[in-house]
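What follows is the residue order along each chain.
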Amino acid sequence: MGNNPAVRNKIEVKNLTKRFGDLLVLDKINFTVAEGEFLSIVGPTGCGKTTFLNLLSTLMPSSDGNIFIDGEVADPTKHNLAFVFQEPTCLPWRTVRENVAFGMEVKNVSEAEKEERLDRIMDMVGLTDCASLYPNQVSASMIQRIAVARAFSVDPDLLLMDEPYGQLDVKLRYYLEDELVSLQNKLKSTVIFVTHNIEEAVYVADRILVLSNKPTNVRAEVVVDLPRPRNPMDPKFVEIREHVTELIRWW
Ligand SMILES: Nc1ncnc2c1ncn2[C@@H]1O[C@H](COP(=O)(O)OP(=O)(O)OP(=O)(O)O)[C@@H](O)[C@H]1O
């Protein structure tokens, strides 16, 4: 998808390099993400996934190379970047609805548009019934839903997700992953989803970027051309999962 000339590239990463002193962590990373694509990133432990997300978020400067969004150098004052982390944060003094609204308030979305988007997104992620509760009154999965809804609600140019369901049990994870994919499909957001879990990557992604060991570059790109919802027991699913696992083996 990212290489399909018929689909516009939303994100272009060129020769992205990061050194910490003498340690070369990311070594000339190149790839593109198509508009509306769901890209997963997997790689061996310590290869620099978190560093990579920090660079993409523009929170951390690169040593070399560039990130382009819509053909322009990524700039948080111009582009809309949203994040969902493994340990989501909520403001305890705000209700669930007010917590979802927070992202739009930061981005100065008008009051009328904010209310309309809130109604829609709260409904899409099943938060409407607990809208007036406070974070300490809802479950961990509801907190993660708040973070996901808050991130999607700002209509981001790029949504970065760092193992958002890593802490949750398997059954709940599949459920939330289905919800995430359906949300992404409806809103046509461009998503980069970092995970340690290869099965999860195959379950959610249109394409998987497999990173090498340090100094890290892109080892392979694997297209996941399977219908949704996906079945992890499907032989084609298992084949892709095993292929990616083999690519990550570095010992
Ligand atoms: N601020 C820093 N200063 C020096 N070295 C750093 C810094 N941040 C990360 N590193 C090093 O960069 C490498 C990549 O770290 P990073 O945390 O990005 O990897 P990761 O793939 O996210 O790890 P994990 O798989 O454990 O989540 C590691 O060797 C780490 O020690």
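Residues numbered from 1 in each chain as written. Predicted model: local features only at pLDDT ≥ 70, side-chain atom pairs only at ≥ 80, totals over all residues. Heavy atoms only, no water.

Undergrad: How would you summarise the UniProt feature "domain: ABC transporter" (unreviewed entry) in the protein chain if you had to cite specific residues and measurements?
TA: What UniProt calls "domain: ABC transporter" (unreviewed entry) maps, in this numbering, to residues 11-238. As annotated, residues 11-238 comprises 33% helix and 26% strand, and the C-alpha atoms at either end are separated by 29 Å. (UniProt positions renumbered as here; feature names shortened; annotations may be inferred. Helix = DSSP H or I, 4+ residues; strand = E, 2+ residues; numbered from the N terminus.)

Undergrad: Please give an account of the sheet that holds strand E4 (residues 64-69) that cites residues and values.
TA: Overall, antiparallel pairing links the four strands, which are arranged E2-E1-E4-E5 in an open sheet. Whereas interior strands pair on both sides, the edge strands pair on one side only; in this sheet they are strand E2 (23-34) and strand E5 (72-73). Here two bridges tie E4 to E5, and the two strands are oriented antiparallel to one another. Considered in E5, the bridge of Ile-69 is made with Glu-72. Sheet strands in contact with helix H1 (residues 49-56) are strand E1 (9-20), E2 and E4, and its direction is about 125 degrees off that of E1. (Pairing = 2+ DSSP bridges. Contact = heavy atoms within 4.5 Å. Axes fitted to C-alpha atoms, helices over the stretch in contact; angles between N-to-C directions.)

Undergrad: Break down the nonpolar core for me, citing the residues and quoting the values.
TA: Counting residues in each nonpolar core, the largest one holds 56 residues, and the members touching the most others are Leu-127, Phe-152, Ile-208, Val-210 and Val-244. Ranked by the residues each element gives to this core, the list is headed by helix H4 (residues 140-153), at eight residues. Excluding residues within four positions of it along the chain, Leu-127 makes contact with Val-96, Val-100, Met-122, Met-142, Arg-145, Ile-146 and Ala-149. One finds Leu-16, Val-25, Leu-26 and Leu-55 within the second-largest nonpolar core, a separate group that totals 25 residues. (Core = buried A, V, L, I, M, F, W, Y, C linked by side-chain atoms within 4.5 Å. Buried < 20%, exposed > 50% of the residue type's maximum accessible area, 1.4 Å probe, protein only.)

Undergrad: Outline the site of the ligand, supporting the account with residue identities and numerical values.
TA: Taken together, the residues surrounding the ligand are Phe-20, Leu-23, Val-25, Thr-45, Gly-46, Cys-47, Gly-48, Lys-49, Thr-50, Thr-51, His-196 and Lys-214. Contact distances for the ligand include 2.8 Å between an oxygen atom and a backbone N or O atom of Lys-49. Contacts to the ligand include His-196, whose side-chain N or O atom sits 3.0 Å from an oxygen atom. Here the ligand, which alone exposes 630 Å², has 58% of that area covered by the protein. Within the residue set of the shell around the ligand, elements represented by two or more residues are E2 and H1. Broken down by element, the residue count for the shell around the ligand peaks at three residues, all from H1. Taken together, the residues of the shell around the ligand sort by class into four nonpolar, six polar and two charged. (Near = heavy atom within 4 Å. Polar contact = N/O pair within 3.5 Å; in protein donor to acceptor, adjacent residues only side chain to side chain. Areas by Shrake-Rupley, 256 points an atom, 1.4 Å probe, with all protein chains shown as cover. Nonpolar A, V, L, I, M, F, W, Y, C, P; charged D, E, K, R; others polar.)

Undergrad: Quick one: what's the story with the environment of Asn-197, residue by residue and with numbers?
TA: As for its placement among the helices and strands, Asn-197 is situated in the loop between strand E8 (191-194) and helix H6 (198-204). Separated by 125 residues in the primary sequence, Asn-197 and Glu-72 have C-alpha atoms spaced 32 Å apart. A polar side-chain atom of Asn-197 sits 2.9 Å from the main-chain amide nitrogen of Glu-200.

Undergrad: Help me get a handle on the sheet that holds strand E9 (residues 207-211), residues and values and all.
TA: Sheet strands pair by backbone hydrogen bonding; their relative direction is either parallel or antiparallel. Ordered in space as E6-E7-E8-E3-E9-E10, the six strands form an open sheet in which the pairing is mixed. Two strands bound the open sheet, and with one partner strand each, they are strand E6 (81-84) and strand E10 (218-223). Taking the axes of each pair of neighbouring strands and ignoring which way they run, one obtains an average angle of 20 degrees across the sheet. Judged from the four bridges that link them, strand E3 (residues 38-42) and E9 form a sheet pairing that is parallel. Bridged to Val-42 within E9 is Val-210.

Undergrad: Could you give me a rundown of the packing of H4 against helix H5 (residues 170-187), with the residues and numbers involved?
TA: Each packed pair of helices is defined by two parameters, the angle between the axes and the distance between the axes. Following both chains from N to C, one finds H4 and H5 inclined at 15 degrees, their axes separated by 12 Å at the closest point. Classified by the interaxial angle, the pair formed by H4 and H5 is roughly parallel. Crossing angle aside, the handedness with which H4 passes H5 is right-handed. Where H4 abuts H5, its residues Ser-141, Arg-145, Val-148 and Phe-152 lie against Leu-172, Tyr-175, Leu-176, Glu-179, Leu-180, Leu-183, Gln-184 and Leu-187. (Parallel < 35°, antiparallel > 145°, perpendicular 65-115°, else oblique. Left-handed = near helix turned anticlockwise from the far one by under 90°.)

Undergrad: I'd love a proper account of the side chain of Glu-179, names of residues and values included.
TA: With respect to the element layout, Glu-179 can be found in helix H5. Assessed through its relative accessible area of 17%, Glu-179 is described here as buried. Beyond its immediate sequence surroundings of up to four residues, Glu-179 is in contact with Met-124, Val-125 and Arg-145.

Undergrad: Quick one: what's the story with helix H7 (residues 235-248), residue by residue and with numbers?
TA: Taking 1.5 Å per residue, 14 residues should reach 20 Å; H7 reaches 20 Å between its end C-alpha atoms and fits that length. For H7, every residue scored as buried is listed here: Phe-237, Ile-240, Val-244, Leu-247 and Ile-248. Axial view of H7: buried residues confined to an arc of 100 degrees, hence all on one face. More than 90 degrees from the buried face of H7, the exposed residues found are Pro-235 and Glu-239. (Expected span 1.5 Å × (residues − 1). Arc of directions from axis to C-beta.)

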